[in-house]
Amino acid sequence: MPASRLTAVPRVAAGADEEGREQEAELIDEIVEAIFSNLNNNCYRDELKSPFICNRNYTSVKSLLRFKSEKVFVIGIWGMPGIGKTTIATTLFHECSSEYEGHCFLAFSKNLEEKGINHICAKLLSQLLNQDLRIDNIRVIHSSIIRKIKHRKVFVVLDDVTNSQIAADLIQFFRSCLSSGSKIILTTRDRNVLTSGGVEEIHEVKEMNFEDSLKLFSHNAFRDSHPKEDYYELSTRVVADYAKGIPLALKILRSFLRTKEESEWDSALSKLRKYPNADIQQVLRLSYNVLDGDKKTSF
C-alpha cells in the first residue's frame, strides 16, 4: 500500500503514552491495510456489496416519497458520513424511478460543485431529456428546453451535496420548471444545506438498531442473515460494542476481521477495546475517506 495513504490517517489517541500511541497507530494501519488489500481483490469486491437491509430510515423516507403533491416535492436526507444516506437514496431510486417519465441520479463531488451551477444544471437536463445540452445561464434557458421538461414528471437524486447555494439554486430551478408531481431527493451531511434551500421534508438518518445491524454484519461476514453459531457471541460484540449502528463501520470492521481466523477475532476485538469508541469511529471514517471514489462505492 502506498505510504501516503497510511499517513493520511492521523494519530487519534491524543494524550496517550508513547507506547499506547504506537499500538494505536499499528491498529489504524492494520484496519486500513485490511480495507485496501480486500478491495484490491476483485473477487472480494462483489462480496462487500451486501443485501440492503430495510430499516426504519428507509421506510420513513419511502413514506415521504409516496406523499401525493401537486407541486415539485423535495425531500432532504442528512446524517453523518457512513450512516447510510446514499444507500437509502440509491435503493429508492432503483425501486421508484421507472414510475416517472424521466429520472437522474447525480453524485456530487468537490470537483463537480467547483464547476458551478450552470454545468450541474446542464448535466441534469441532459440526462432527463436524453440529449447533450449546454447551459450558459440557469436563469436564461431556451424556451424549447423548458417546454419539454415542464411536461415530464421526473425523479431526481442529488447525492452528497455540500454547497448550500448550489442546493438552493437547484431547488428554485426545479420548482420553477419541473412538472407537478416530480420528486427530488437531496442527501447531505450538513443540515444547513437543506434548511437554507427550503426543503419541505427533512429526514435525519439514525443509527441502525441492534437486530438490523447484526443482520447487515452477518450478510457481509457469512452471506446469511444470522451469524454462524460459533461466531454469534463475537458478532454481537462487534455490533453492540464497536459499530454502534453505523453501516459503514459494520462493513469496515468485517473487512478488518475477514483476514483473521475465529481464534484471532477475540484478540482483534481486545485491541479495539483499548481505545475509546469515539476514536475508533473516527478511524473508521478516516479509513473510508482515504479511499478513491470507485473503492468507496464497494462499501
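Anyway, here's the lowdown on the structure attached to this text. Remember, predicted model here, so these are calculated numbers, not experimental data.

Glancing now at the sheet that holds strand β3 (residues 154–159). Read across the sheet, 5 strands follow the order β2-β3-β4-β1-β5 without closing on themselves; strand pairing throughout is parallel. On the outer flanks of this sheet lie β2 (102–107) and β5 (201–204), each paired with one strand and no other. Averaged over all neighbouring strand pairs, the angle between strand axes comes to 10 degrees, with direction disregarded. Pairing of β2 with β3, which is carried by 6 bridges, proceeds in the parallel orientation. Looking at β3, one finds that cysteine 104 is bridged to valine 156. Relative to the sheet, helix α5 (residues 85–96) contacts β1 (73–78), β2, β3 and β4 (183–188), its axis offset from that of β3 by approximately 165 degrees. Contacting β2 and β3, helix α7 (residues 117–129) runs over the sheet at an angle of about 145 degrees to β2.

Quick look at the pattern of salt bridges now. In total, this model carries 9 salt bridges according to the counting rule given. The partner of arginine 139 in a salt bridge is aspartate 169, and the shortest N-O contact between them spans 3.9 Å. Of this pair, arginine 139 sits in the loop between α7 and α8 (143–150) while aspartate 169 sits in helix α9 (residues 164–177), and the two are 30 residues apart along the sequence. Put simply, glutamate 204 and lysine 206 hold a salt bridge, and the shortest N to O gap is 3.2 Å. Taken together, the shared-partner salt bridges in this structure form one network comprising Lys71, Arg175 and Glu200.

Our focus in this paragraph is the packing of helix α11 (residues 210–222) against helix α13 (residues 247–257). With their axes 9 Å apart at the nearest point, α11 and α13 run at an angle of 35 degrees to one another. Between α11 and α13 lies a crossing whose hand is right-handed. Here Ser213, Leu216, Phe217, Asn220 and Ala221 of α11 come into contact with α13, specifically with Pro247, Leu250, Lys251, Arg254 and Leu257. Residues of the contact of α11 with α13, tallied by class, amount to 6 nonpolar, 2 polar and 2 charged.

Bringing the packing of aromatic side chains into the picture now. Per the counting criterion, the structure on display carries 9 aromatic pairs. Judged by centre distance (5.5 Å) and plane angle (75 degrees), the rings of phenylalanine 93 and phenylalanine 105 are edge-to-face. On the criterion of sequence distance, the pair formed by phenylalanine 93 in helix α5 and phenylalanine 105 in strand β2 is long-range, its members being 12 residues apart. Measuring from ring centre to ring centre gives 6.2 Å for phenylalanine 217 and tryptophan 265, while their planes differ by 75 degrees; the resulting arrangement is edge-to-face. Separated by 48 residues along the polypeptide, phenylalanine 217 in helix α11 and tryptophan 265 in helix α14 (residues 262–273) bring together distant segments of the chain. Just as phenylalanine 217 is buried, tryptophan 265 falls in that class too. Three or more aromatic residues link up through ring pairs in this structure, and these residues are Phe93, Tyr100, Phe105 and Phe155.

What follows covers the nonpolar core. Ranked by internal contacts, the top residues of the largest apolar core, which has 43 residues, are Phe155, Ile185, Phe217 and Leu257. Looking at which element gives the most residues to this core, the answer is α13, with 7 residues. With near-sequence residues (within four places) excluded, phenylalanine 155 lies in contact with Leu65, Leu92, Phe93, Cys96, Ser97, Tyr100, Gly102, His103, Cys104, Lys183 and Ile185. Residues Leu125, Val154, Leu158 and Leu194 belong to the second largest nonpolar core, which totals 38 residues.

Further remarks concern a negative patch on the surface. Taken together, Glu229, Asp230, Glu261, Glu262 and Glu264 make up a surface patch of like negative charges. On the secondary structure map, glutamate 264 appears in helix α14.

It is worth spelling out α7 at this point. The end-to-end C-alpha distance of α7, which contains 13 residues, comes to 18 Å, matching closely the 18 Å that a straight helix rising 1.5 Å per residue would cover. Within the span of α7, buried status applies to Ile117, Ile120, Cys121, Ala122, Leu124, Leu125, Ser126, Leu128 and Leu129. Where α7 is buried, its residues meet β2, α6 (110–114), α8, β3 and α9. Where α7 ends, the next residue or the one after it, asparagine 130, has phi of about 55 degrees, a positive value.

Let us now look at the pairing of β3. Most of β3 sits inside the fold, with 6 of its 6 residues counted as buried. Side chains Val154, Val156 and Leu158 of β3 all project onto a buried face; the interleaved residues Phe155, Val157 and Asp159 project onto the opposite face, where all are buried too. Pairing geometry for β3 and β4, over 4 bridges, is parallel. By the bridge assignment for β4, phenylalanine 155 is matched with lysine 183. Once you follow β3 into α9 and on to β4, the crossover reads as right-handed.

About the cut-offs
- Residues numbered from 1 in each chain as written.
- Predicted model: local features only at pLDDT ≥ 70, side-chain atom pairs only at ≥ 80, totals over all residues.
- Heavy atoms only, no water.
- Pairing = 2+ DSSP bridges.
- Helix = DSSP H or I, 4+ residues; strand = E, 2+ residues; numbered from the N terminus.
- Axes fitted to C-alpha atoms, helices over the stretch in contact; angles between N-to-C directions.
- Contact = heavy atoms within 4.5 Å.
- Salt bridge = Lys/Arg side-chain N within 4 Å of Asp/Glu carboxyl O.
- Left-handed = near helix turned anticlockwise from the far one by under 90°.
- Nonpolar A, V, L, I, M, F, W, Y, C, P; charged D, E, K, R; others polar.
- Phe/Tyr/Trp six-rings, centres within 6.5 Å; stacked < 30°, edge-to-face > 60°.
- Buried < 20%, exposed > 50% of the residue type's maximum accessible area, 1.4 Å probe, protein only.
- Core = buried A, V, L, I, M, F, W, Y, C linked by side-chain atoms within 4.5 Å.
- Patch = residues over 30% accessible without salt bridge, like charges linked within 9 Å, V, L, I, M, F, W, Y side chains within 5 Å.
- Areas by Shrake-Rupley, 256 points an atom, 1.4 Å probe, with all protein chains shown as cover.
- Lys, Arg positive; Asp, Glu negative; His and termini not counted.
- Charge placed at Lys NZ, Arg CZ, Asp CG, Glu CD.
- Expected span 1.5 Å × (residues − 1).
- Right-handed = clockwise from strand over helix to strand, strands pointing away.

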